[in-house]
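# Observations on the three-dimensional arrangement
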Amino acid sequence: MSRRARFKRKTTETEISAAVFLDGSGLSRIATPFKFLDHMLASLARHGRFDLDLKARGDVEVDGHHLVEDCGLVLGRTFDLALGDRKGINRAGFFVFPMDEALAVAAVDIGGRPVLQYEAEFRRRFCGDMDTDLLPDFFQAFAAGLAANVVVRMPYGRSDHHRVEAAFKAFGRALRMACSLDPRGRDGVPSTKGAIDVGCR
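Here we summarise the structure given alongside this text. (Residues numbered from 1 in each chain as written. Predicted model: local features only at pLDDT ≥ 70, side-chain atom pairs only at ≥ 80, totals over all residues. Heavy atoms only, no water.)

## Section: the sheet that holds strand β4 (residues 51-58)
Read across the open sheet, the four strands follow the order β1-β2-β4-β3; overall the sheet is mixed. Both edges of this open sheet fall to β1 (4-10) and β3 (28-31), since each of them pairs with a single strand only. When strand polarity is set aside, the average angle formed by the axes of neighbouring strands in this sheet is 5°. Relative to β4, strand β2 (residues 14-21) is paired through eight bridges, and the arrangement is antiparallel. For Val20, the partnering residue across the bridge sits in β4 and is Leu52. Relative to β3, helix α1 (residues 35-48) is tilted by about 160°, and along the sheet it contacts β3 and β4. (Pairing = 2+ DSSP bridges. Helix = DSSP H or I, 4+ residues; strand = E, 2+ residues; numbered from the N terminus. Axes fitted to C-alpha atoms, helices over the stretch in contact; angles between N-to-C directions. Contact = heavy atoms within 4.5 Å.)

The following block contains the structure:
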């Protein structure tokens with residue numbers, strides 16, 4: 001299994017293409033209208049050790065919502081395709097990431113249930129050029145695209161930048177653990193059902 005995938009989605013609002021190699025070294029080429037989002041996705045790739053390419057453009061003159069949400073959806077779907085039938089993966093992963101005075105917690109269960117648990121409060125509305133109000137939309141869309149349960153919490157931190165960056169690093173490492181192959185379960189699907197339902201696709 002190559003554990004690589006490409007996916008492209010084009011609508012009247014956005015056009016996004018992504019490619020991922022799950023067993024990479026953390027290389028990334030990210031190009032979206034939001035430099036802060038580029039930085040966060042590069043951090044996710046580096047800490048997840050995923051090779052990740054993403055190009056996105058969209059109607060940001062209206063609002064950033066469509067683009068940020070659709071980036072999450074496309075990335076989740078690309079990971080979904082790269083994982084295939086899920087045979088041999090750990091399925092679940094978690095990480096607690098400290099970054100200076102901030103702390104973030106992330107957990108992932110790639111079990112076919114697209115649910116987001118998200119908890120964070122910020123001192124200001126924007127980090128760089130990105131609206132922090134869009135973060136749960138990104139993670140919810142990622143969870144939907146991957147058909148996964150995703151938990152992201154940022155319990156404390158003085159710097160909003162540090163809190164968000166810690167969250168993306170934690171999420172990358174939780175994904176890395178969940179997507180990694182378990183040598184003891186190489187030929188099986190990690191579910192008592194014998195299969196992981198990823199929806200009607």
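## A word on the packing of α1 against helix α4 (residues 160-179)
Closest axis-to-axis distance for the α1/α4 pair is 7 Å, and the angle between their directions is 35°. For the pair α1 and α4, the crossing hand works out as right-handed. Across from Phe36, His39, Met40, Leu41, Ser43, Leu44, His47 and Gly48 in α1, the residues of α4 making contact are His161, Val164, Glu165, Phe168, Lys169, Phe171, Gly172, Arg173, Leu175 and Arg176. A breakdown of the residues in the contact of α1 with α4 according to their chemical character gives eight nonpolar, six polar and four charged. (Left-handed = near helix turned anticlockwise from the far one by under 90°. Nonpolar A, V, L, I, M, F, W, Y, C, P; charged D, E, K, R; others polar.)

## What about the packing of helix α3 (residues 135-146) against α4?
As a packed pair, α3 and α4 sit with axes 13 Å apart at the nearest point and diverge in direction by 10°. Comparing their axes, α4 and α3 come out roughly parallel. Across the interface between the two elements, Leu135, Phe138, Phe139, Phe142 and Leu146 from α3 touch Val164, Phe168, Phe171 and Leu175 from α4. Split into classes, the residues belonging to the contact of α3 with α4 amount to nine nonpolar, no polar and no charged. (Parallel < 35°, antiparallel > 145°, perpendicular 65-115°, else oblique.)

## A look at the layout of surface pockets
Empty space within the largest pocket amounts to approximately 160 Å³. Every residue lining the largest pocket is listed: Arg4, Ala5, Arg6, Ala19, Val20, Phe21, Leu27, Ser28, Arg29, Asp51, Leu52 and Asp53. Sorting the residues of the lining of the largest pocket by element identifies β1, β2, β3 and β4 as the ones contributing at least two each. Partitioning the lining of the largest pocket into residue classes produces six nonpolar, one polar and five charged. (1 Å grid on protein atoms, 1.4 Å probe; cavity = no way out; pocket = protein on both sides within 12 Å on 5 of 7 lines; lining within 4 Å. Points joined across faces, edges and corners; volume = space filled by probe spheres on them.)

## Remarks on α4
Along its 20 residues, α4 runs 28 Å from first to last C-alpha, staying within 8% of the 28 Å computed at 1.5 Å per residue. Burial within α4 is extensive, with 16 of its 20 residues counted as buried. The distance from a side-chain oxygen at the start of α4 to the backbone nitrogen of His161 is 3.3 Å, and the residue carrying that oxygen is Ser159. (Expected span 1.5 Å × (residues − 1). Buried < 20%, exposed > 50% of the residue type's maximum accessible area, 1.4 Å probe, protein only. Polar contact = N/O pair within 3.5 Å; in protein donor to acceptor, adjacent residues only side chain to side chain.)

## A word on the state of the cysteines
Summed over all chains, the structure comprises zero disulfides. Just so you know, Cys71 is unpaired, no disulfide at all, and the nearest cysteine sulfur is the one on Cys127, 17 Å from it. Overall, the relative accessible area of 0% leaves Cys71 in the buried class. (Disulfide = S-S within 2.5 Å.)

By themselves, these observations are geometric and do not establish any function.
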